[in-house]
Amino acid sequence: MSEKRIFNLSERLYCCGKMIDDNSRIADVGTDHAYLPIWLSKHNRISHAIACDVNPMPLERARKNIKIYNVVNVETRLSNGLEEIRESEVDTVVIAGMGGELIYSILSGVPWTKNKILILQPMSSERDLRIALAKDNYKIQKEVAVKSNGKVYTVMKVKHSLENQNYNDLYPFIGGLLDDENNVNEVTMEYIHKQIRDAEKRKTGEKAKGNHERERYYSDVIEKMNNVIKKYNCLE
């Protein structure tokens with residue numbers, strides 16, 4: 001079978017790829033077609049990758065693509081999360097395209113993720129994921145908002161810390177998106193607008209339940225996020 005010309009990644013996966021250190025040994029959890037590890041291999045970005053999935057069918061697609069693109073340093077493995085991956089095999093774990101709660105469940109399934117670099121791209125429940133990470137002393141080293149197929153997502157580079165991760169009211173909603181001014185742009189603001197809408201829904205729910213303390217909490221968070229947007233608009 002002839003080798004095909006390399007494809008372009010979606011913006012979402014491309015952002016994940018940019019956060020991976022050169023010469024890394026990665027596990028790509030829920031790999032599906034193995035697009036990310038194949039792309040990284042063809043661009044000489046990684047030394048080795050394990051493309052793993054809990055279902056056989058996605059791995060069959062992955063194996064076909066690995067052959068089509070003539071990649072020699074990417075292997076496939078049937079694995080429920082990281083259960084079939086040995087700690088010594090990887091230095092970086094990528095989990096993209098899943099809900100935040102499932103991502104954290106996978107990370108909690110093995111003890112050695114605290115020794116690895118984590119590239120995480122939640123499709124939902126980002127707030128829950130950030131809170132769970134902080135409570136377990138994971139630190140977001142870098143976070144970037146990215147727009148892909150008309151929707152706005154976030155990609156995080158995370159590492160465990162020996163220090164307690166204290167966080168403010170904004171952290172569950174915007175994490176580390178404002179930590180590096182060079183990465184703050186219109187997509188970041190679009191993501192924050194999305195979080196404001198989510199907070200407004202939560203505020204309405206708390207008001208309906210008569211929970212005035214939580215209602216005030218969300219009012220305060222919404223005001224702070226609106227102030228972030230106003231500050232950005234003044235700098236443009």
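Residues numbered from 1 in each chain as written. Predicted model: local features only at pLDDT ≥ 70, side-chain atom pairs only at ≥ 80, totals over all residues. Heavy atoms only, no water.

Draft legend 1. Region of interest: the pairing of strand S4 (residues 92–99). Within S4, six of the eight residues are buried, which leaves it mostly tucked inside the rest of the structure. As defined by bridge partners, strand S1 (residues 24–29) adjoins S4 across four bridges and the pair is classed as parallel. In the sheet register, Ile26 faces S4, and the bridge partner there is Thr92. Relative to strand S5 (residues 117–124), S4 is paired through seven bridges, and the arrangement is parallel. What sits directly across from Ala96, in S5, is Gln121. Considered for its hand, the β-α-β crossover made up of S4, helix H4 (residues 100–108) and S5 is right-handed. (Buried < 20%, exposed > 50% of the residue type's maximum accessible area, 1.4 Å probe, protein only. Helix = DSSP H or I, 4+ residues; strand = E, 2+ residues; numbered from the N terminus. Pairing = 2+ DSSP bridges. Right-handed = clockwise from strand over helix to strand, strands pointing away.)

Draft legend 2. Up close: the pattern of salt bridges. Taken as a whole, this structure holds 16 salt bridges when the rule is applied. Ionic pairing is found between Arg45 and Asp22, a salt bridge with its closest N-O pair at 2.6 Å. Of the two residues, Arg45 is situated in the loop between helix H2 (35–42) and strand S2 (46–53) and Asp22 in the loop between helix H1 (11–19) and S1; the sequence distance between them amounts to 23 residues. Owing to a relative accessible area of 16%, Arg45 belongs among the buried residues under this scheme. A salt bridge links Arg77 to Glu75, with the shortest nitrogen-to-oxygen separation between them at 3.0 Å. Members of the salt-bridge network, linked through shared partners, are Glu75, Arg77, Arg86 and Glu89. (Salt bridge = Lys/Arg side-chain N within 4 Å of Asp/Glu carboxyl O.)

Treat this as a map of the structure, not an account of what it does.
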